[in-house]
Amino acid sequence: DEDRKITEWNDSVAEITGWDRKEVIGKKLASMLADPSKTTVNTVSLPASFTRNVLSDGDHTYSEDLTILSKSGRELCLYTTFQQKRDTSGKNLGVQCSCKDVTTLRQAEEGKKAALQLLDAEKNLTEWLS
């Protein structure tokens, strides 16, 4: 809603996060984030791009990775897309979010990045020693 409170929570998100619908309805989205300072979606302000792209007239979307805490305390990386909802008269009804769990993918990307850095360092050392 306009206060960034969760008003809907489907079974898929409940399964991913472990949080039941009754436990999250009415909570602010930021309260579920692992570290609210690492995202543009927070309780204080929204980025200009979000305001321009999602809250302006028309069907606009905004996406980013959000790291939230599952009910068990595990950090989950969810690729989240926000899309504004309007009624037939154009009245703002809020923002709909859809999420995809990309935790494993992001961990693999970080592992690949670290491995490539090690290979690069080894290559530089080998060249230096030759």
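Residues numbered from 1 in each chain as written. Predicted model: local features only at pLDDT ≥ 70, side-chain atom pairs only at ≥ 80, totals over all residues. Heavy atoms only, no water.

A. Local environment of the overall build of the protein chain. Summing up its helical and strand segments, the protein chain has four helices and three strands in all. Counting from the amino terminus, the protein chain carries its helices and strands in the arrangement α-α-α-β-β-β-α. Burial analysis of the protein chain (130 residues in total) assigns 24% to the buried set. Considering only intrachain contacts with a sequence separation of at least 6, the fraction spanning at least 24 residues in the protein chain is 37%. Counting every atom, the protein chain has about 8900 Å² of accessible surface; 51% of that belongs to carbon and sulfur. (Helix = DSSP H or I, 4+ residues; strand = E, 2+ residues; numbered from the N terminus. Buried < 20%, exposed > 50% of the residue type's maximum accessible area, 1.4 Å probe, protein only. Contact = heavy atoms within 4.5 Å. Areas by Shrake-Rupley, 256 points an atom, 1.4 Å probe, with all protein chains shown as cover.)

B. Structural context of the sheet that holds strand 2 (residues 75-86). If you trace the three strands from one edge of the open sheet to the other, you get 1-2-3, paired in antiparallel fashion. Of all the strands in the sheet, just strand 1 (61-69) and strand 3 (92-101) have a single pairing partner and so form its edges. Taking each pair of neighbouring strands and ignoring which way they run, the sheet shows an average axis angle of 35°. Alignment of strand 2 against strand 3, held across nine bridges, turns out to be antiparallel. Considered in strand 3, the bridge of Gln83 is made with Gln96. (Pairing = 2+ DSSP bridges. Axes fitted to C-alpha atoms, helices over the stretch in contact; angles between N-to-C directions.)

C. Region of interest: the packing of aromatic side chains. Per the counting criterion, the structure on display carries zero aromatic pairs. The aromatic ring of Trp19 is capped on one face by Lys27, whose charged end is 4.8 Å from the ring centroid. (Phe/Tyr/Trp six-rings, centres within 6.5 Å; stacked < 30°, edge-to-face > 60°. Lys NZ or Arg CZ within 6 Å of the ring centre and 35° of its normal.)

D. Region of the structure containing the state of the cysteines. By the definition in use, this model includes zero disulfides. Its sulfur unpaired, Cys97 is 6.2 Å from the next cysteine sulfur, which belongs to Cys99. (Disulfide = S-S within 2.5 Å.)

E. The arrangement of the nonpolar core in detail. Core analysis: the largest hydrophobic core is formed by nine residues, namely Leu29, Ala30, Leu33, Tyr62, Leu66, Ile68, Leu76, Leu78 and Phe82. Secondary-structure elements contributing two or more residues to this core are strand 1 and strand 2. Listed in part, the seven residues of the second largest apolar core include Val13, Trp19, Val24 and Met32. (Core = buried A, V, L, I, M, F, W, Y, C linked by side-chain atoms within 4.5 Å.)

F. Looking closely at the confidence of the model for the protein chain. Looking at the protein chain as a whole, the pLDDT averages 77, with 77% of positions reaching at least 70. By mean pLDDT, the top-scoring element of the protein chain is helix 2 (residues 21-24) (90), and the lowest-scoring one is helix 3 (residues 48-54) (52). Of the regions scoring below 50 in pLDDT, residues 42-47 engages in 15 contacts with residues more than four places distant in sequence or in other chains. (pLDDT = per-residue confidence, 0-100.)

G. Here's a closer look at a nonpolar patch on the surface. A grouping of Leu125, Trp128 and Leu129 is seen on the molecular surface, where their side chains present a nonpolar patch of about 400 Å² in accessible area. Along the chain, Leu125 turns up in helix 4 (residues 103-129). Since its relative accessible area comes to 47%, Leu125 is described here as partly exposed. (Patch = residues over 30% accessible without salt bridge, like charges linked within 9 Å, V, L, I, M, F, W, Y side chains within 5 Å. Salt bridge = Lys/Arg side-chain N within 4 Å of Asp/Glu carboxyl O.)

H. Spotlight on the pattern of salt bridges. A complete count under the given rule lists four salt bridges for this structure. Note that Glu8 is salt-bridged to Arg21, the shortest N-O span being 3.6 Å. Here Glu8, found in the segment before helix 1 (11-17), pairs with Arg21, found in helix 2; they are 13 residues apart in sequence, far enough to count as distant. A residue is classified by how much of its surface remains accessible, and Glu8, at 56% relative accessible area, is exposed.

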